[in-house]
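# Analysis of the macromolecular model
Listed below are the residues making up each chain.
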Amino acid sequence: MKLGGANKTAFLDGGGEMGALIRAFDWARHPLGDPARWPQPLRTTLRLLLNTGHPMYIWWGPQLYCFYNDAYCQSIGPERHPGSLGSPGREVWEEIWPIIGPQIDQVMSGGGATWHVNALVPITRNGRREEVYWTYSYGPIDDDASPNGVGGVLVVCTETTEAVLAQRAKTEEVARQRRLFEQAPGFVIIMNGPDHVVDFVNDVHRQVFSSGDWVGRTIRDAFPSIAGQGFYELLDKVFATGETVEFQSQEVRYRRSPNADEELHFFTFIYAPLYDANGKITGVFCDGFDVTLAHRAQGEMRASEDRLRLATEAASIGTWDFNPETNELRWDERCRRHFDVSADAAISYEETFLAALHPADRERTHRAVTAALAPDGDGKYDIEYRVIGRGDGVERWIAATGNAIFENGRAARFVGTVRDISEQKRAQRRLEIVNRTGAAVAAELQLDNIVQMITDAGVELSGAEFGAFFYNLTDASGESYMLYALSGVAREEFSKFPMPRNTAVFAPTFNGEGVVRSDDIIQDERYGKNAPRKGMPEGHLPVRSYLAVPVISLSGEVHGGLFFGHAQPGMFKTEHETLVLGLAGQAATAIDNARLFQQLQKLNATLEQRVAEEVAERARAEEQLRQSQKMEAIGQLTGGIAHDFNNMLAVVIGGLNMMQRRLAKGDVDVGRFIEAATDGAKRAAALTQRLLAFSRQQPLEPDVIDANKLVGSMTDLLRRTLGEQVEVETVLLAGLWRTFADPLQLEATILNLAVNARDAMPEGGKLTIETANAAVDDEGAKEYALPAGQYVMVAVTDTGAGMSAAIMEKAFDPFFTTKAVGKGTGLGLSQVFGFVRQSGGHVKLYSEERIGTTVKVYLPRHYGSDAPRNIVSERASPQGGKGEVVLVVEDEERVRNYSTEALKELGYNVIAASGGADALALIESGQKIDLLFTDVVMPGMNGRQLAEKANEKLPQLKVLFTTGYTRNAVMHNGVLDAGTSILPKPFSIDQLAAKIRGVLDA
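Residues numbered from 1 in each chain as written. Predicted model: local features only at pLDDT ≥ 70, side-chain atom pairs only at ≥ 80, totals over all residues. Heavy atoms only, no water.

### A short note on the overall build of the protein
On a plain count of helices and strands, the protein comes out with 29 helices and 36 strands. Buried residues in the protein amount to 44% of all 1002 residues. (Helix = DSSP H or I, 4+ residues; strand = E, 2+ residues; numbered from the N terminus. Buried < 20%, exposed > 50% of the residue type's maximum accessible area, 1.4 Å probe, protein only.)

### Considerations on the sheet that holds strand E30 (residues 885-889)
In space, the five strands of this open sheet follow the order E31-E30-E32-E33-E36, with parallel pairing throughout. Strands at the two margins of the open sheet, each flanked by one partner only, are strand E31 (909-913) and strand E36 (982-984). Neighbour-to-neighbour, the strand axes of the sheet open up by a mean angle of 20°, direction not taken into account. In this structure, E30 lies alongside strand E32 (residues 931-935), joined through four bridges in parallel fashion. Counterpart to Val888 in the pairing with E32 is Phe933. Contacting E30, E31 and E32, helix H26 (residues 893-905) runs over the sheet at an angle of about 170° to E31. (Pairing = 2+ DSSP bridges. Axes fitted to C-alpha atoms, helices over the stretch in contact; angles between N-to-C directions. Contact = heavy atoms within 4.5 Å.)

### Things to note about the pattern of salt bridges
Under the definition given, this model contains 29 salt bridges. Two residues, Arg217 and Asp213, come together in a salt bridge whose shortest N-O distance is 3.4 Å. A salt bridge links Arg758 to Asp759, with the shortest nitrogen-to-oxygen separation between them at 3.3 Å. One salt-bridge network, held together by shared partners, links Arg80, Glu95 and Arg129. (Salt bridge = Lys/Arg side-chain N within 4 Å of Asp/Glu carboxyl O.)

### Considerations on helix H21 (residues 707-722)
Thr715 marks where H21 bends most, by close to 40°. For H21, the capping residue at the N-terminal end is Asp706, with a side-chain oxygen 3.1 Å from the backbone nitrogen of Asn708. Looking one or two residues past H21, Gly723 carries a phi angle of roughly 90°, positive in sign. (Bend = angle between axes of the 7 residues up to and from the residue. Polar contact = N/O pair within 3.5 Å; in protein donor to acceptor, adjacent residues only side chain to side chain.)

### Some details on the nonpolar core
Grouped together as the largest cluster of nonpolar side chains are 46 residues, with contacts concentrated most on Leu46, Trp59, Phe67, Trp93 and Ile100. Looking at this core, the elements with two or more residues in it are helix H1 (16-24), helix H2 (40-50), strand E1 (56-60), strand E2 (65-68), helix H3 (70-76), helix H5 (97-108), strand E6 (133-142) and strand E7 (150-159). In contact with Ile100, other than residues within four places in its own chain, are Trp59, Trp93, Val121, Tyr136 and Tyr138. Counting residues in hydrophobic clusters, the runner-up holds 35 residues, among them Leu736, Ile750, Val836 and Val857. (Core = buried A, V, L, I, M, F, W, Y, C linked by side-chain atoms within 4.5 Å.)

### Here we look at the pairing of strand E22 (residues 558-566)
Here E22 lies mainly inside the structure; nine of its nine residues are buried. Both strand E21 (residues 545-552) and E22 contribute to a ladder of eight bridges, which runs antiparallel. From the neighbouring strand, Ile552 faces E22, where its bridge partner is Val558. Once E21 ends, the chain turns through five residues before running back antiparallel as E22, passing Gly556 with a positive phi of about 100°.

### Comments concerning helix H22 (residues 743-759)
The end-to-end C-alpha separation of H22 is 24 Å, in line with the 24 Å expected for 17 residues at 1.5 Å each. For H22, the set of buried residues is Pro743, Gln745, Leu746, Thr749, Ile750, Asn752, Leu753, Ala754 and Ala757. Capping the start of H22 is the job of one residue whose side-chain oxygen sits 3.1 Å from the backbone nitrogen of Leu744: Asp742. (Expected span 1.5 Å × (residues − 1).)

### A word on the pairing of strand E11 (residues 263-275)
As defined by bridge partners, strand E10 (residues 245-254) adjoins E11 across eight bridges and the pair is classed as antiparallel. Note that in E11 the partner of Arg253 across the bridge is Leu264. Here E11 runs beside strand E12 (residues 281-290); their pairing, made up of nine bridges, is antiparallel. Across the sheet, residue Phe269 finds its bridge partner in E12, namely Gly288. Between E11 and E12, which pair antiparallel and follow one another directly, the connecting turn spans five residues, one of which, Gly279, has a positive phi of 85°.

### Considerations on the sheet that holds strand E3 (residues 114-120)
The antiparallel open sheet is built from five strands, whose spatial order is E2-E1-E7-E6-E3. A single partner strand is all that each edge strand has here, and the edge strands are E2 and E3. Neighbour-to-neighbour, the strand axes of the sheet open up by a mean angle of 20°, direction not taken into account. Bridge count for E1 against E7 is five bridges, and the pairing is antiparallel. Note on E7: the bridge partner recorded for Tyr57 is Val155. Sheet strands in contact with H5 are E1, E3, E6 and E7, and its direction is about 25° off that of E6.

### Let's talk about the packing of helix H15 (residues 422-443) against helix H16 (residues 447-462)
Two elements in contact, H15 and H16, have axes separated by 10 Å at closest approach and are oriented at 175°. Our classification of the angle between H15 and H16 gives roughly antiparallel. In this structure, H15 uses Arg429, Arg430, Ile433, Val434, Arg436, Thr437, Ala440 and Val441 to contact H16, whose residues at the interface are Ile450, Met453, Ile454, Ala457, Glu460 and Leu461. Of the residues in the contact of H15 with H16, the class split is nine nonpolar, one polar and four charged. (Parallel < 35°, antiparallel > 145°, perpendicular 65-115°, else oblique. Nonpolar A, V, L, I, M, F, W, Y, C, P; charged D, E, K, R; others polar.)

### Observations concerning the confidence of the model for the protein
When pLDDT drops low, the exact placement of atoms in the prediction is not to be read closely. The pLDDT averaged across the protein works out to 80; a share of 81% of its residues lies at or above 70. Note on residues 1-7: pLDDT is under 50 here. Beyond four places in sequence and across chains, it has 12 contacts. Within the model, pLDDT remains below 50 along residues 870-876, and this stretch shows five contacts once partners closer than five positions in the same chain are excluded. (pLDDT = per-residue confidence, 0-100.)

### Re the side chain of Thr962
With respect to the element layout, Thr962 can be found in strand E33 (residues 958-963). Looking at Thr962, its side chain comes within polar contact range of the main-chain oxygen of Leu983, at 2.8 Å. Non-local contacts of Thr962, meaning those with residues more than four positions away in its chain, are made with Glu890, Phe933, Thr934, Asp935, Val936, Ile982, Leu983, Pro984, Lys985 and Phe987.

### Quick word on the packing of aromatic side chains
Under the criterion given, the structure shown has 33 aromatic pairs. With a centroid separation of 5.2 Å and an interplanar angle of 35°, the aromatic rings of Phe209 and Phe267 are classed as tilted. Of the two residues, Phe209 sits in helix H7 (residues 203-209) while Phe267 sits in strand E11, which places them 58 residues apart along the sequence. Exposure remark for Phe209: the relative accessible area of 5% places this residue in the buried category. On the numbers, 5.5 Å between centres and 75° between planes, the contact of Phe247 with Tyr271 is edge-to-face. With Phe247 in strand E10 and Tyr271 in strand E11, the pair connects residues that are 24 residues apart, well separated along the chain. On the accessibility criterion, Phe247 (7% relative accessible area) is buried. Connected via pairs of aromatic rings, a cluster forms that spans Tyr57, Trp59, Tyr68, Tyr72, Tyr136 and Tyr138. The ring of Trp397 is capped by Lys425, whose NZ or CZ atom sits 4.6 Å from the centre of that ring. (Phe/Tyr/Trp six-rings, centres within 6.5 Å; stacked < 30°, edge-to-face > 60°. Lys NZ or Arg CZ within 6 Å of the ring centre and 35° of its normal.)

### With respect to the packing of helix H13 (residues 349-356) against helix H14 (residues 359-373)
At a minimum axis separation of 9 Å, H13 and H14 run at an interaxial angle of 125°. The angle between the axes of H13 and H14 places the two elements in the oblique class. Along the contact surface, H13 presents Tyr349, Phe353, Leu354 and Ala355, while H14 presents Arg362, Thr365, His366 and Val369. Among the residues making up the contact of H13 with H14, the classes are represented as five nonpolar, two polar and one charged.

### Re empty space enclosed by the protein
Tallied over the full model, the rule gives eight cavities of 30 Å³ or more. Its boundaries defined by the atoms lining it, the second largest cavity holds a volume of some 200 Å³. Around the second largest cavity, the lining is made up of 16 residues, and of these Phe209, Phe223, Ile226, Tyr271 and Cys286 lie nearest the centre. By residue class, the composition of the lining of the second largest cavity is 15 nonpolar, one polar and no charged. (1 Å grid on protein atoms, 1.4 Å probe; cavity = no way out; pocket = protein on both sides within 12 Å on 5 of 7 lines; lining within 4 Å. Points joined across faces, edges and corners; volume = space filled by probe spheres on them.)

This is how it looks when you write it as structure tokens:
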């Protein structure tokens, strides 16, 4: 486009590509308009921007229109150049506006310039999202005509992505090295610069020197107590010359703090130079170990210079430095020693390092080096391998650690350390043998296997050429003889020689006196003292080095001895003696266990017979005890029955005798004698019923029971029976399950328990009757011999005197009572227990002296839908009179006569028969009969058989059974068969009348 006068647009002159683009831009259609009329601050700043080689950018006006120079084009990429020229800044840089927007707003609002160094501002360029770092400033372009006096923003920027990422990689590399050094087994310190400023110390260093606050301080300031010992000067020398300095067991005197005591330590360490990428020395690296304890131990053995040298070298560390690009490998002196390479020999990776490795470890080690140098790896190197000394041919185990240093994505340097761990590996191998052998012999019970394993392990641990285990064995007859196991040599080598005897050499072993170890047994003063051979027999295996250890049981018995030999002298050391002593202990324990096992096998052979005899003897004793207890219980029961029946019969017989005497004199005033005899008979009948209940043989007529209604109907009767001094309370559960039992017997049970409770509260108290649903689990079912399941619980609780533990144990025993003589039979709780158990339930008793007693009755839940019957006790004596005919069948004449007369008295027509045959004859004769009243137990045909035959003739015939004993054909498990009615003996006329009437009217 053509602009106004040259003097007005001179600010657009030059500017390279961006100057040309700005001049060619159609500004007439742009909100900024003709450049000749642009504000002077914009024109001045734009001229500056176009004529500088530094990346610059302008945002102008409220819309932040964009201007930039050629140097900036390379940074924004083709996505925004040249399209962003003259465009609003928010549109051009929408993706990073959350980052730069607030910074621009600060400048535009008059808040002043901003400065940002290595800030992350990721942008999309060249078709992908890039993580870009910038160092930039936002400066205001002053314009008095603009709001806040700021017309726009001048951006001066430099992309620093490459430098930031390089620094990050360097930082990460340093951190990785630090982590490696932190894990080093020795102490490590890194010092930078000629003043040796401490840059890093690892945890071991902090522990040894208390150097936790050294970082950032010069070594002279941080560690002043080593002054005068030459260490500062040596550090200066290493930094100046690049020479590595090594110290072996170097004496160092220092203080951990200014006020601490001076300590004397011995250290093995190195001072090694550190280089940058250009080969310039930047600092000094120190790595070492505190060998004070080792030095002091060696000081006690200075007679042997070789041992001192070996101990010192055992604690040494060698260093290596490898340049993967030039294939240059540098080893320090100690590293050369580990590989047995002379100080002047040339070193290379392939010809020296790889060639010295054990063939089995060569490929594995080379892969580890390659992995550490790989650009995509972590650069770490940690491996153990074997080397074969080039000069001495000795196999050594080496532990090597290192780290690769990367530059521009390539490994530029590979440094690390090596340690000789041969002794550690040998110790590890010995430990494995000891542990493996210990586990094996502990699990072995065969003596021959045990001694063979011990002998084999001893040969391997001691380095012997051959070994033997001679041990004593006692056979079944008690005769003792010697056996042996061999290792490292064929058994034939010993077969032609006699067993060792208790000579001067062998005696300490077979007597358990101690270890015999000789560097040369032929020169030992104990050798060759005994005739006839004066030493080893001709042809014996050559033995010079000799080691023998006794195997002694924990009881002190000497089982035998372990013997090891070698053809060369001086082969067995103290460490071998210690190892074999450990094996001997394992052998002794294993032999003890094996012999104990053999004894147990013998015992087990007769164990079954002894157990059977013991069980049989115990069964006989238990049977005798049960028989004794049974006789005791029978004696108590019969004694109680005899006592009570004698009292009752005395009243009955006495009353009848008085009646006879008075009536013989014509005196008819005998009512009180009749009353006494009747009362005695009733008491005898009640006692009989209690006995039947106790024995669970009373006849039960179960029905569906709602225990809540039953208890509720008894409340008034209980209050009248117990008197005003006893408060009666009922706690009845809503939703109570139903049960199936004899309602009258349950009433009698509750009343019986209530009367007992009243007697326990002579001064009055409270009686609580409670109902609840309960569940009996498998454990409770097993304890109480019940089926597990759901039960209805009725509990009677009093606040009386309670029971002691001794009384509770006897509470349910028959004829046991705590009441005064004549106040009770002792069958009340027995009757309760018998009824509940006969009904399939259980009774639990809880009591505490001076607190009270609770008796809980559990009856099985009824799952049927039958409604409970209304149980009404017959109080009157209903009469006959309808012309009903009753056939009485009774084999006992007096009872038959009584029943016949009683029924006639009640208005019935009665015919009688003495047995089943006579009764059937009457029925077959066509005689009218409305009800058959028959005894159950009769000679010949019993009552059940008679009833079945009678019903065949007269299907509508009603039947009423009577019996004085319930174990018969009309009951099962104490419960009447369905549809069966029974009147227990003895019975009164009132009871007879009610029962006859009930059966006829049913």
